[in-house]
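# Residue-level structure breakdown
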Number of protein chains: 2
Amino acid sequence: MRAVATEGSPDFVPVPERVAVFDNDGTLWCEIPTVQLVFALDRVKALAPQHPDWRTRQPFKAALDGDMAGIGAAGQRGLVELVMATHAGMSTEAFARLVADWIGTARHPKFQRPYTRTVYQPMLEVLALLRGHGFRSFIVSGGGVEFMRVFAEPVYGVPPEQVIGSTIRTEFHIPQGSRPELLRLPEMDFVDDGPGKPVAINRFIGRRPIAAFGNSDGDMQMLQYVTGAGGRRLGLLVHHDDAAREVAYDRQSPFGRLDRALDAAPAAGWSVVSIQREWQRVFPDD
Amino acid sequence: MRAVATEGSPDFVPVPERVAVFDNDGTLWCEIPTVQLVFALDRVKALAPQHPDWRTRQPFKAALDGDMAGIGAAGQRGLVELVMATHAGMSTEAFARLVADWIGTARHPKFQRPYTRTVYQPMLEVLALLRGHGFRSFIVSGGGVEFMRVFAEPVYGVPPEQVIGSTIRTEFHIPQGSRPELLRLPEMDFVDDGPGKPVAINRFIGRRPIAAFGNSDGDMQMLQYVTGAGGRRLGLLVHHDDAAREVAYDRQSPFGRLDRALDAAPAAGWSVVSIQREWQRVFPDD
């Protein structure tokens, strides 16, 4: 960081080009369980009285029964169905209010604290260090952009325009006698994962970042894009190997699988950070 | 501007929320002829030797003959075909170099100066005034985002991450033995015009701007979205009514038509600026 931020250094990078990108789930906060999925399941429960058919219809029945195996069995299609039923059919502002209300009260089942306190203390320190060296940090996540924007600023200090994520379609709409709004439609627009991440970085930022932080194979192309461009670059993978203080998972995990990217790290020069060995504190309240 | 930027004012807006959005063609620079279309036609001429069939195939024949009526007759589909043949099939970096080379030498046919000098002097002053009051200005244009990003920073002082535009699909790609890149595919992704503008503003910025500048019906929903939200807001339309110093066009023009938005302006409280009566200087070198 000193090398790129010190004027006169051979690796000096002007402030506007000091851009860092961060995955969110598993990189900035705990992803077991996936927070947005818990939100979706809680929404299914809240909406169930208006949908009596959900009691017998999959994947909704599994969601209502808390049957994670049943949800898993419904596959990607089932997951999309749950998201559309709970994330669409309202204005973007109404959705942001739902997320804000939920995240203000929901608690992580294992760590017994708000999800916003399952962010990683060392990563908050990295964000602060980058800010102190003239960097702007963007979140580039498979999570829904309008879900993350609700808490990214208070929790990470990352403003809405620096949050990039997956999107569903929205439509401009002026309700009779009311202010214009955007209506969330039950249709996927863009999945910001894997090779989609460099695509989104180019589309939204229009510059190639010089530092990238991830934790799974879904971040591999983002790290390749950032560190493969020559010049002083940083690629970093968080390795979840601490079952006692957090969760241990990598090559076999259905969520946040870290396998190909872990194999690619040494040759690519990416740092692999062991939570167990290298993080003094995992969560801010530890 | 004083009202929203003065602490203690009832209309005070904190700096991070001081966001302004600008259409580009016809709002920040001259759009007759549409600069990106001229670029596409020049590219057709440059590429013609590699495509002998273009001499007899529409819309390429019309493009090579400079036959604007023929291009018009090919309609939206013909236009898309011209854009795809000239804007895709290369990396984003190679495309940016093509645009930079072209815009460095091409000259406006009527005003005999580089297109980057057919920007509007009063709008440069507005951009500077906004910057001086803590605003960030975003371009939100139907033009191609990777076309505009090449000149938006040197010409307007608007950095790449504040340029929003139409996009074609791109694909992440690692060429054998070379650095990772994004390949531009001959397929439309998003048209940032009309109701697409508020959609893009929400997707990219995630905040509702408080000032919007446009000049055509394609900017109408953007102005509605920005000014229809309550609070102190500014909506402004540039009216091209100066045939002597620029070009006069509005309700009947095939490009940059200003008709419905002009009718809507009084009730919506949008300022309509007459170039003829209100602009002392049109271009910086006048």
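Description of the structure in this document. All of these numbers come straight from a predicted model, not from anything done at the bench. (Residues numbered from 1 in each chain as written. Chains lettered and ligands numbered in written order. Predicted model: local features only at pLDDT ≥ 70, side-chain atom pairs only at ≥ 80, totals over all residues. Heavy atoms only, no water.)

## What to know about the interface of chain A and chain B
A common way to express how large an interface is: the accessible area buried when the components associate. Each partner contributes residues to the interface: chain A has 34 residues there, and chain B has 34 residues. Interface area for chain A against chain B, summed over the two sides, is near 2900 Å², with a carbon-plus-sulfur share of 50%. Its largest share of buried area at the contact with chain B, chain A owes to Glu-161, Phe-172 and Arg-203 of chain A, together 22% of the area lost on that side. For the pair chain A and chain B, the interface holds 10 salt bridges. Notably, a salt bridge pairs Asp-189 of chain A with Arg-203 of chain B, separated by 3.5 Å at the nearest N-O pair. The tally of links from chain A across to chain B stands at 22 residue pairs in polar contact (both at pLDDT 80 or more). Secondary-structure elements contributing two or more residues to the side of chain A that touches chain B are helix 6 (92-105), helix 8 (145-156), strand 3 (163-173), strand 4 (181-190), helix 9 (196-204) and helix 10 (220-227) of chain A. (Contact = heavy atoms within 4.5 Å. Buried area = accessible area lost by both parts, 1.4 Å probe. Salt bridge = Lys/Arg side-chain N within 4 Å of Asp/Glu carboxyl O. Polar contact = N/O pair within 3.5 Å; in protein donor to acceptor, adjacent residues only side chain to side chain. Helix = DSSP H or I, 4+ residues; strand = E, 2+ residues; numbered from the N terminus.)

## Observations regarding the relation of the copies chain A and chain B
Once turned by 180 degrees and shifted 0.0 Å along the axis, chain A lies on chain B with an RMSD of 0.0 Å. Here the transformation between the copies is reduced to the relation of a two-fold axis. Across chain A, the rotation axis passes nearest the C-alpha of Phe-204 of chain A, at a separation of 3.4 Å. Taken together, the interface assignments show that 100% of the residues at the interface of chain A recur at the interface of chain B, consistent with an identical surface on both copies. (Least-squares fit on C-alpha atoms with pLDDT ≥ 70 in both.)

## So, the sheet that holds strand 6 (residues 234-239) of chain B
All names here are of chain B. The 7 strands are arranged 4-3-2-1-5-6-7 in an open sheet whose pairing can be described as mixed. Two strands bound the open sheet, and with one partner strand each, they are strand 4 (181-190) and strand 7 (271-274). Averaged over all neighbouring strand pairs, the angle between strand axes comes to 35 degrees, with direction disregarded. Examined bridge by bridge, strand 3 (residues 163-173) and strand 4 share 6 bridges and lie antiparallel to one another. (Pairing = 2+ DSSP bridges. Axes fitted to C-alpha atoms, helices over the stretch in contact; angles between N-to-C directions.)

## Some words on the pairing of strand 2 (residues 136-144) of chain B
Residue and element names in this part refer to chain B. In terms of residue burial, strand 2 counts as a mostly covered element, since 7 of its 9 residues are buried. Bridge count for strand 1 (residues 19-22) against strand 2 is 4 bridges, and the pairing is parallel. Within strand 2, the position partnered with Ala-20 by the bridge is Ser-137. Relative to strand 3, strand 2 runs parallel, the two being bridged by 3 bridges. By the bridge assignment, Ile-139 is partnered in strand 3 with Val-163. (Buried < 20%, exposed > 50% of the residue type's maximum accessible area, 1.4 Å probe, protein only.)

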